[in-house]
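Structural overview for review
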Amino acid sequence: MTVIIILILAILFTERKNEGCPNLLPAVFADPCPKGWLGYQMKCYYFSVNEGNWTSGNSHCSSHNASLAVVGSQETLDFFLRYKSPPDHWIGLQKDSGQPWRWINGSIFTEGFFTLPTEKGRRCAYLNHKAVASSNCTREEFWICSKDMFKSIA
Ligand SMILES: *[C@@H]1O[C@H](CO)[C@@H](O)[C@H](O)[C@H]1NC(C)=O
Ligand SMILES: *[C@@H]1O[C@H](CO)[C@@H](O)[C@H](O)[C@H]1NC(C)=O
Ligand SMILES: *[C@@H]1O[C@H](CO)[C@@H](O)[C@H](O)[C@H]1NC(C)=O
Ligand SMILES: *[C@@H]1O[C@H](CO)[C@@H](O)[C@H](O)[C@H]1NC(C)=O
């Protein structure tokens, strides 16, 4: 008799415990990034298959609720260099006339783990095969988009 009661209690307890789970489990195990995007350090990244100028690259990213990628750490830079295809890729770093270089999130760029070689007329930054470089913004290049992982679950 005691055994049966314990069994019933155990079953009831298990069922109750499961009630809240079915919605949670798929979210935990689902790929947190959209199809075709790569997850890395809580962000989702997209390496474009098309080329365009800096603005059209960023517009494409915006249409996916993302922006051209910011490079916040040496690890992220290494990740980009490892996973991007060999051609140049735009990133979210740009300069308006008479203004300092700014990340697309609005922060002023300061040289840290990488330096930005620049010249007059070069107002948009990209990644070449080994480092960050700058050029005019009208060149046709590939690009990298980034967005917060949580943004793409919701
Ligand atoms: C972008 O965000 C808006 C508003 O949150 C949403 O309606 C739309 O589906 C999102 N688009 C993509 C491509 O994720
Ligand atoms: C913008 O991105 C840069 C580079 O990742 C970062 O250092 C800075 O804190 C960011 N600023 C904001 C407002 O998120
Ligand atoms: C931008 O740079 C590319 C390649 O360096 C060059 O072919 C093009 O003429 C330049 N465009 C302008 C407007 O300076
Ligand atoms: C960028 O490319 C788009 C689409 O090809 C074009 O409409 C736009 O004029 C270009 N902008 C610049 C600044 O080159």
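In this report, we go over the structure that sits alongside the text. (Residues numbered from 1 in each chain as written. Chains lettered and ligands numbered in written order. Predicted model: local features only at pLDDT ≥ 70, side-chain atom pairs only at ≥ 80, totals over all residues. Heavy atoms only, no water.)

Things to note about the site of ligand 2
To keep it simple, the criterion reads: A molecule or strand has a residue near it when one of that residue's heavy atoms lies within 4 Å. Nitrogen and oxygen atoms within 3.5 Å of one another constitute a polar contact, given that in protein one can donate a hydrogen and the other can accept it, and given that sequence-neighbouring residues count only through two side-chain atoms. Under this grouping Gly is polar, as are all residues other than the nonpolar Ala, Val, Leu, Ile, Met, Phe, Trp, Tyr, Cys and Pro and the charged Asp, Glu, Lys and Arg.
Around ligand 2 sit Val70, Val71, Gly72, Trp103, Asn105 and Ser107, and that is every residue in its neighbourhood. In the model, an oxygen atom of ligand 2 is placed 2.3 Å from a nitrogen or oxygen of the Asn105 side chain. Considering only residue class, the shell around ligand 2 consists of three nonpolar, three polar and no charged.

With respect to the side chain of His89
To keep it simple, the criterion reads: Strands here mean DSSP runs of E at least two residues long; helices mean DSSP runs of H or I at least four residues long; both are numbered from the N terminus. The contact rule is simple, with two residues in contact once any of their heavy atoms fall within 4.5 Å.
Mapped onto the secondary structure, His89 falls in strand 4 (residues 89–95). Only 2.8 Å separates the side chain of His89 from the backbone oxygen of Pro87, close enough to count as a polar contact. Those residues in contact with His89 that lie beyond four places of it in its chain are Lys84, Tyr126, Leu127, Glu141, Phe142, Trp143 and Ile144.

A few points about helix 4 (residues 74–83)
Heads up, the condition is: Only protein chains enter the accessibility calculation, which uses a 1.4 Å probe. A residue is then buried if its area is under 20% of the maximum for its type, exposed if over 50%, and partly exposed in between. In this description, the arc belongs to the directions extending from the helix axis to the C-beta atoms.
All of the buried residues along helix 4 are Thr76, Leu77, Phe79 and Phe80. Considered in projection along helix 4, the buried side chains sweep an arc of 160 degrees and stay on one side of the axis. Close packing links the buried residues of helix 4 with strand 1 (38–40), strand 2 (43–47), strand 6 (124–127), strand 7 (132–135) and strand 8 (142–148).

Some words on the packing of aromatic side chains
Quick note on the threshold: For this analysis, a ring pair means two rings from Phe, Tyr or Trp (six-membered ring only for Trp) whose centres lie within 6.5 Å, classed as stacked if their planes differ by under 30 degrees, edge-to-face if by over 60, and tilted for the remaining angles. When the NZ atom of lysine or the CZ atom of arginine is within 6 Å of a ring's centre and also within 35 degrees of its normal, the charge is said to sit over that ring.
A complete count under the given rule lists 13 aromatic pairs for this structure. On the basis of an interplanar angle of 0 degrees and a centroid distance of 4.2 Å, the ring pair of Tyr40 and Phe79 is categorised as stacked. Of this pair, Tyr40 sits in strand 1 while Phe79 is found in helix 4, placing the two residues 39 residues apart along the sequence. Seen from their ring centres, Phe79 and Tyr83 are 5.0 Å apart, and the 45 degrees between their planes marks the pair as tilted. Here Tyr83 and Phe79 lie together in helix 4, a separation of four residues that amounts to about one turn. Owing to a relative accessible area of 45%, Tyr83 belongs among the partly exposed residues under this scheme. Connected via pairs of aromatic rings, a cluster forms that spans Tyr40, Tyr45, Phe47, Phe79, Phe80 and Tyr83. In this arrangement the basic side chain of Arg139 is found over the ring face of Tyr126, its NZ or CZ atom lying 4.8 Å from the centre. When the ring centre of Trp37 is taken as origin, the NZ or CZ atom of Lys147, which lies over that ring, is 4.9 Å away.

Some thoughts on the pairing of strand 2
For a regular strand, side chains alternate in direction, first toward one face of the sheet and then toward the other. The condition is simple: Strands are treated as partners if at least two bridges between them are detected by DSSP.
Across the five residues that make up strand 2, a large majority, four, are buried. Both strand 1 and strand 2 contribute to a ladder of three bridges, which runs antiparallel. Looking at the pairing, Gly39 lines up with Cys44 of strand 2. Connecting the antiparallel pair strand 1 and strand 2 is a turn made up of two residues, with Gln41 showing a positive phi of about 45 degrees. Of the strand pairs in this sheet, strand 2 and strand 8 are connected by five bridges, and their pairing is antiparallel.

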